[in-house]
Amino acid sequence: MNADRLPPVAPEVTATLVESLSPRLRKRLDAAVTKLAARPVHRDGDTTTIEVDDETELRLHAPGGVVAQVEDVTCGCLLAPACVHRAAAACAAPPADVAPEPAEQPTPEAAGTASADADAATGGGSVATDPPPVTDPATAMAPASAPHRASGTDSAPGPGPAPAAGLTPDAAPPETATPDQRAAADALWAAGAAVLEAGVDGAGAVAQSALLRAAHTARLRHLPRAAGAALSVVTLLRAARAGDPSYRTAELVTALAELLGTARRVATATGTELAAVRGRVRRPYSPDGSLRLYGLFTEPVVTDSGHGGVRTWVAGADGRLFTVGDVAPGGVGRALGVADRAVRLGDTALTHRELGRAGLAVSGATVSPDGRLGAGKSVKAVTARGAAWTEPPLAALWETPPAEQAARALRSTSRYADPDGTGSDLLFLDVELLGAVREPGGTCLLALGEGGVPVRLTAADDDPALAHRDNLALLAAAPGTRLRIIGRLIPAAHPRLTLLACSHPTGEGTIDLGLDRLRRADLPDPAAPAHFAPPRPAGPGAQSPLYLLERRVEQTVPAGRAALGLLGDVAAETRRIRRGGLPTAAGLLTALCASAAQRERDHFGRLLPADTDGFAAYWLAAARYSAAVSESLCSAAWNPAGEVQGVSGGPPAAAARPAV
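Rules used throughout
- Residues numbered from 1 in each chain as written.
- Predicted model: local features only at pLDDT ≥ 70, side-chain atom pairs only at ≥ 80, totals over all residues.
- Heavy atoms only, no water.
- Helix = DSSP H or I, 4+ residues; strand = E, 2+ residues; numbered from the N terminus.
- Buried < 20%, exposed > 50% of the residue type's maximum accessible area, 1.4 Å probe, protein only.
- Salt bridge = Lys/Arg side-chain N within 4 Å of Asp/Glu carboxyl O.
- Phe/Tyr/Trp six-rings, centres within 6.5 Å; stacked < 30°, edge-to-face > 60°.
- Contact = heavy atoms within 4.5 Å.
- Pairing = 2+ DSSP bridges.
- Polar contact = N/O pair within 3.5 Å; in protein donor to acceptor, adjacent residues only side chain to side chain.
- Axes fitted to C-alpha atoms, helices over the stretch in contact; angles between N-to-C directions.
- Parallel < 35°, antiparallel > 145°, perpendicular 65-115°, else oblique.
- Left-handed = near helix turned anticlockwise from the far one by under 90°.
- Nonpolar A, V, L, I, M, F, W, Y, C, P; charged D, E, K, R; others polar.
- Core = buried A, V, L, I, M, F, W, Y, C linked by side-chain atoms within 4.5 Å.

(A) Just the side chain of Asp522, in detail. Tracing the backbone through its elements, the reader meets Asp522 in the loop between β15 (510-512) and α15 (547-559). Of the residues examined, Asp522 reaches a relative accessible area of 12% and is grouped as buried.

Shown next as C-alpha cells:
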C-alpha cells in the first residue's frame, strides 16, 4: 500500500486515535502500521477501503479530500472501535495541513489574507524556515535555554521589556505571546526533544502522534509556523522509517532545528519578531497598482509530492522579480503540457513559454511578499513588447557584482532568516564555459565567472523527460563559449548554481534549459567532444573542519542521543576544529557529546531520566551555528578577494568566529 493512495488525515484525528489505545495496543501500533501497508487499497469517491484481511475492511471517509473527524475512520473487526487498525490507518496516511477555525480572535497578521494556489507544492505559504542565527551560540548551550515551562496557573503574560527611550508612560508595551501560546510552544519543544532523544528508529507512531497533537494545538493558538514545522518533521520521520529513497537526513535536521528554535523563541519574542515567529496561515496578496513586466524565462516545477507545472519569471521596470505559476497534481507530464497553456493572468492569450520572452502591461496587480502575481478578477493584463537580456531594464540584472547577488540570495534562502518573502535565490551571470568536471556526486559543468571565480553549474532536475541534463551535456562540449546565464544558488563551500536559462550559443534569443532542447548544430563547433576541465583551486571553505561538527549533528537524528553518547573522547576532533579557527564549534562539539553521555543516578544507584531538554538545547545551538558558518563560507567563495560577507546584515566575523 502506498501512503499516497490514502486520503490525508487531520493531525488531531490521528492523535486522538492513538491516545485512545491501551498501553498494550500502543506497543503493537508500529507493527500494525507496517502490516497494514502491505494490504490492498481501493478508492470509491470519498471513501477509501483497506482490506485488513479476507473478512475485514477498514474505511476512511474523506469528504472534501480530508479525513477530518474520528468517526470518519471505521473498522469491521470484532474489537472495533477500540482496535488498533483505525489508529494504524491514520498513522499510515499523510498528515493533512488543515487550517482550523480560530478559537479566539485572529492575529493581525492572519486577518485579511488570501489563499494562494499550490502553496504546498511550490514551497510557499507558511512553510517553516529556521529562526535567525544565534549571535552568541554559547548562550544556547546551557540547559536553562530550554523554553519557558508554563504552569497551569498562568493567567497573564510575564512583564514586558522596559519602555524604550522616548516613549511616554502611556505608550503600549510591545506585544508578547499569550500563556496559551507559550504552553503550546512548550508542548512542541517537548515533542521535538523526544524525537531527538529517540532518533528516527525510536520515533514511531506514538511519538509522531505527540507531534501531531502539539501541531494541532499550536494552530489553534495561532502559531502556524511552528505547527508547519511539526508536520514537516512527522512527514520526514515517516519517509525515513519507510526507506523512501528521496529522504535526506539533512532535511530532517533542518525541520527539527526549525521546530525547536521556533518553539523556544515564542516565550521571548515581542512585537514584529513575535509576528515572524508566529508565521502566517496563508500568503497575503497586496495591491501593487500598474506594472510593466518583461519576461525572463520559464522553468518546469516537479515536486516529490506528485505536483507538476511551470513558473514563469518576469521583471518589472525597476528590476523587481515576479513569478506567474501554474502548479497542480500531475507530475512531469503536466509540467511539459502546462508550458504551452495560456497564462492565468487577466485577458492575455500568451502561453508561459511566450511570456518568458514577451512582456505584459498589468493594471490592478496584486503581489504576494515573495513576488507571486495574483490572478484575481480585478487584475487586467495585456500583451506588450518584451526586452532582450542585453537591453534595459533586464540588462541591469547582470550588472550587479556576483558577490552581492550571492549575498542577497543567501539572505532569501538562509535557514535562520525569518521569512519576510523578499528577495530571490536567482543569480544573473556572464560566464565562459570551461568544460565538464567529474565530482563524487556526478558530473557538472565548470564555468569562469566575473573576477575569475570558477562556478559549477548543475542540472536543476535529472528527470530524462525534462531537457536539463541533456542540455548541460551539450554545453560541456563547447568549451570557450561565452554565455549569459540565470541560475539558482546552491549553498556550498564553492560557487555552485543549478542552471535554469541561458542565452543561445549563437547569440540569438534565449534557452529555457528545462523545456527547450539544444542541438549539436546550435554549438559553435558541433564536432568538438565533451571537454573535461582541469581541477580548479578549492574555495576558502573547502578545507574547513566544520564538517566534524555537522557530522555529529546529523548523526544524532537517525540514532538518537544514546548513540552520540557512546562516542567517547572527541578531543582529537575538537583540536582539529580549533586549529581551523573555529573555537566555538569546538566548544559546541564538546558540550554536545558531554550532554549526550551524561546520565546521573539517585541515592540507590538507579539511573535517573536523561535531561532531554538540556541535550536538545545543545543540539539546537550546534545545528544553528554550523549552518550559519556554512552560509558565511558560501558567501566568501563568491567574493574574488575571499572576504566573508555577512548573510544576515551583521558583522561577518561574528558568524564565522564567535567567542565561546
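(B) Layout of the pattern of salt bridges. In the structure shown here, the tally under the stated rule is 29 salt bridges. Here Arg334 and Asp326 are joined by a salt bridge, their closest N and O atoms 2.9 Å apart. We note that Arg334, like Asp326, is buried. Between Arg385 and Glu391 there is a salt bridge whose closest N-O contact spans 3.8 Å. Connected through salt bridges with shared partners, the residues Asp340, Arg353, Arg357, Asp512 and Asp516 form a single ionic network.

(C) Geometry of the packing of aromatic side chains. A complete count under the given rule lists three aromatic pairs for this structure. Both rings, one in Trp398 and one in Phe428, keep their centres 5.1 Å apart while their planes meet at 75 degrees; by these two values the pair is edge-to-face. On the criterion of sequence distance, the pair formed by Trp398 in the loop between β9 (380-384) and α13 (402-413) and Phe428 in strand β10 (residues 426-439) is long-range, its members being 30 residues apart. Put simply, the rings of Trp389, Trp398 and Phe428 pair up and form one aromatic cluster.

(D) Region of the structure containing the environment of Ala218. Its place among the elements puts Ala218 in helix α7 (residues 205-220). Sequence separation between Ala218 and Asp186 is 32 residues; the distance between their C-alpha atoms is 10.0 Å. Excluding residues within four positions of it along the chain, Ala218 makes contact with Ala184, Leu188, Leu223 and Ala227.

(E) Layout of the pairing of β10. Taking burial as the measure, the 14 residues of β10 include ten buried ones, the bulk of the element. Pairing between β10 and strand β13 (residues 482-489): seven bridges, direction antiparallel. Across the sheet, residue Glu432 finds its bridge partner in β13, namely Arg482. Strand direction decides the pairing type here: β10 and strand β11 (residues 442-448), joined by seven bridges, are antiparallel. Paired with Ala436 across the two strands is Leu445, which belongs to β11.

(F) Expanded view of the side chain of Arg496. When you line up the elements, Arg496 lands in strand β14 (residues 496-503). Judged by relative accessible area, which is 17%, Arg496 ranks as buried. Polar side-chain contacts of Arg496 include one of 2.8 Å to the side chain of Glu439. Other than its neighbours up to four places away in sequence, Arg496 contacts Glu439, Arg456, Thr458, Arg488, Leu489, Ile490 and Trp638.

(G) The packing of α15 against helix α19 (residues 612-637), seen in detail. For the pair α15 and α19, interaxial distance at closest approach is 10 Å and the crossing angle is 135 degrees. Our classification of the angle between α15 and α19 gives oblique. As for how α15 packs across α19, the hand of that crossing is left-handed. Residues Leu549, Glu550, Val553, Thr556 and Val557 of α15 pack against Phe615, Trp619, Ala622, Ala623, Tyr625, Ser626 and Ser630 of α19. Of the residues belonging to the contact of α15 with α19, the class tally is eight nonpolar, three polar and one charged.

(H) Structural detail: the packing of helix α1 (residues 11-19) against helix α4 (residues 85-92). One can describe the packing of α1 onto α4 by two numbers: an axis separation of 9 Å at closest approach and a directional angle of 145 degrees. With respect to the hand of their crossing, α1 and α4 are arranged in left-handed fashion. Within the contact between the two elements, α1 uses Thr14, Leu17 and Val18 and α4 uses Arg86, Ala87, Ala90 and Cys91.

(I) Structural context of the pairing of strand β5 (residues 286-302). In this sheet, strand β8 (residues 359-367) lies alongside β5 in antiparallel orientation, the contact comprising seven bridges. When the bridges of β8 are listed, Leu293 appears paired with Leu360.

(J) Just the nonpolar core, in detail. Residues Leu211, Leu252, Val557 and Trp619 are the most contacted members of the largest nonpolar core, which totals 69 residues. Elements with a contribution of two residues or more to this core: α6 (179-202), α7, α8 (224-241), α9 (249-266), α10 (271-278), α15, α18 (583-597) and α19. Within the second largest apolar cluster, 32 residues are counted, among which are Leu25, Cys83, Ala88 and Ala205.

(K) Up close: the environment of Leu475. With respect to the helices, strands and loops of the structure, Leu475 is situated in helix α14 (residues 468-476). Setting aside residues up to four positions removed in sequence, Leu475 forms contacts with Leu433, Leu445, Leu483, Leu499, Pro505 and Leu518.

(L) Structural context of the sheet that holds strand β1 (residues 41-44). Pairing in this open sheet of four strands is antiparallel, and the strands run β1-β2-β3-β4 from one edge to the other. Only two strands of the sheet have a single partner each, and these edge strands are β1 and β4 (73-75). Across the sheet, the mean angle from the axis of one strand to that of its neighbour is 20 degrees, orientation sign disregarded. As judged from the five bridges shared by strand β2 (residues 47-51) and strand β3 (residues 57-61), these two strands associate in the antiparallel manner. For Ile50, the partnering residue across the bridge sits in β3 and is Leu58.

(M) Layout of the sheet that holds β9. Spatially, the five strands line up as an open sheet ordered β7-β6-β5-β8-β9, and their pairing is antiparallel. A single partner strand is all that each edge strand has here, and the edge strands are β7 (321-329) and β9. Sheet twist, expressed as the mean angle between neighbouring strand axes with direction ignored, is 35 degrees. With nine bridges connecting them, strand β6 (residues 307-316) and β7 associate as antiparallel partners. In the strand pairing of β7, Val310 is matched with Asp326.

(N) Spotlight on the environment of Arg599. For Arg599, the location among the structural elements is in the loop between α18 and α19. Distance in space between the C-alpha atoms of Arg599 and Gly565 is 9.7 Å, their sequence separation being 34 residues. Non-local contacts of Arg599, meaning those with residues more than four positions away in its chain, are made with Arg561, Leu607, Leu608, Pro609 and Ala610.

(O) Representation of unusual backbone geometry. Omega for the peptide link from Ala80 to Pro81 comes to 5 degrees, which places this bond in the cis form. Here Pro81 is to be found in the loop between β4 and α4. The omega torsion of the bond from Pro392 to Pro393 falls at 5 degrees, within 30 degrees of zero and hence cis. Mapped onto the elements, Pro393 comes out in the loop between β9 and α13.

It is worth stressing that arrangement in space is one thing and function is another; only the former is reported here.
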